[in-house]
Amino acid sequence: EAVAAEDTGKGWPISPERVFITAGTSEGIELVLATLLDQDSEVLVPMPTYPLYTAIIAKIGARARYYRTDPERQWVPDLDHLATLVTAQTRALVIIDPNNPTGATYPTPVRKALIAFAEKHGLPILADEVYADLGYDSPVPPIGSYDHDAPVISFSSLSKAYLAPGWRTGWLSIGRSPRLDDVAAAIRKLA
């Protein structure tokens, strides 16, 4: 209930039934990837990336397809390159914003373009938002706040959001899109 209230207060309405408390964000990421992927599935992952994603993807037998982030433009995703990577096996788009390891925060037009891209290709967005409260200039709003019906699954944790390193409590919030109902049911079974 507290996580749902916090997400809702940040402009992304979430019901408590769509929140899962996990042993850190890592467990949440693993639950979602295990739910979405089969062997030979593909996931669009930013490069550079947080290595947990690639480790779990490899463990499942799936493949990471790396989309470029451009250091000449403050590490913003290269949307043209991203468009060349989608195949029939693509199952999800990972967005790490603020990004780990680059520290980049994506401008609103880029965030909206990523949502439109995911919608166009029928992909859920896996939004790693553990550093959202630690943006350099101000907190970064949840990507789901730009479109409440977008298929967004967001990850966060106490250790980052509340500056409590070592507190192994994280969560994943699943947006209200009916396209994520089966995903939510499958995560509930795995959890």
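Everything discussed here concerns the structure shown above.
None of the values given here were measured: they were computed from a predicted structure.

> Explain the overall build of the protein chain to me, please; I cannot follow it from the model alone.
Looking only at helices and strands, one finds 7 helices and 8 strands in the protein chain. On C-alpha atoms alone, the protein chain measures out to a radius of gyration of 15 Å, which is about the 16 Å that the 2.2 N^0.38 rule sets for 191 residues. Taking the principal axes of the C-alpha coordinates as reference, the protein chain spans close to 40 × 40 × 30 Å. The buried share of the protein chain, reckoned over its 191 residues, is 48%. Long-range contacts, defined as pairs at least 24 residues apart, comprise 66% of the intrachain contacts of the protein chain with a sequence gap of at least 6.

> Hey, could you run me through the environment of Glu1 in this one?
Summarising the element assignment, Glu1 is placed in the segment before helix H1 (2-9). Overall, the relative accessible area of 76% leaves Glu1 in the exposed class. Once the C-alpha coordinates of Glu1 and Pro16 are considered, the two residues, 15 residues apart in sequence, prove to be 5.0 Å apart.

> What exactly am I supposed to notice about helix H7 (residues 181-190) here?
Along an α-helix, residues three or four apart share an orientation, since each turn contains 3.6 residues. Here H7 has its buried residues at Val183, Ala184 and Ile187. Along H7, the residues classed as buried sweep out an arc of 100° about the axis, all on the same side. In H7, the exposed positions angled more than 90 degrees off the buried face are occupied by Asp182 and Lys189. Elements that come into contact with the buried residues of H7 comprise strand E1 (19-22), helix H2 (24-36), strand E7 (152-157) and strand E8 (170-174).

> Is there a simple way to think about the pattern of salt bridges in this case?
If charged atoms from side chains of opposite charge come close, those side chains can pair. A complete count under the given rule lists 12 salt bridges for this structure. With a closest N to O distance of 3.0 Å, Asp133 and Lys10 form a salt bridge. Pair noted here: Asp133 is in the loop between strand E6 (125-128) and E7 and Lys10 is in the loop between H1 and E1, with a separation of 123 residues, a long-range link. A salt bridge links Glu119 to Arg179; the shortest N-O distance between them is 3.0 Å. Highlighted residues: Glu119 in helix H5 (residues 108-121) and Arg179 in the loop between E8 and H7, separated in sequence by 60 residues. Overall, Glu119 belongs to the partly exposed group, its relative accessible area being 29%.

> Honestly, the sheet that holds E6 in this entry has me stumped. Any pointers?
Taken together, 8 strands build an open sheet; the order of strands is E1-E8-E7-E6-E5-E2-E3-E4 and the sheet is mixed. Here the strands that pair on one side only, and so sit at the sheet edges, are E1 and strand E4 (76-77). Lying on the sheet, H1 is in contact with E1 and E8; it crosses E8 at an angle near 60°. Contacting E1, strand E2 (42-47), strand E5 (90-96), E6, E7 and E8, H2 crosses the sheet at an angle of about 160° to E7.

> I tried to follow the packing of H2 against H7 on my own but got confused; where do I start?
Angle between the axes and distance between the axes are the two parameters that describe a pair of packed helices. Two elements in contact, H2 and H7, have axes whose closest approach is 9 Å; the angle formed by their N-to-C orientations is 120°. Judged on the interaxial angle alone, H7 and H2 are oblique. H7 is crossed by H2, and the crossing has right-handed handedness. Residue-level inspection shows Leu31, Val32, Ala34, Thr35 and Leu36 of H2 in contact with H7, the latter providing Val183, Ala186, Ile187 and Leu190.

Thresholds applied
Residues numbered from 1 in each chain as written. Predicted model: local features only at pLDDT ≥ 70, side-chain atom pairs only at ≥ 80, totals over all residues. Heavy atoms only, no water. Helix = DSSP H or I, 4+ residues; strand = E, 2+ residues; numbered from the N terminus. Rg over C-alpha atoms; globule rule 2.2 N^0.38 Å. Buried < 20%, exposed > 50% of the residue type's maximum accessible area, 1.4 Å probe, protein only. Contact = heavy atoms within 4.5 Å. Arc of directions from axis to C-beta. Salt bridge = Lys/Arg side-chain N within 4 Å of Asp/Glu carboxyl O. Pairing = 2+ DSSP bridges. Axes fitted to C-alpha atoms, helices over the stretch in contact; angles between N-to-C directions. Parallel < 35°, antiparallel > 145°, perpendicular 65-115°, else oblique. Left-handed = near helix turned anticlockwise from the far one by under 90°.

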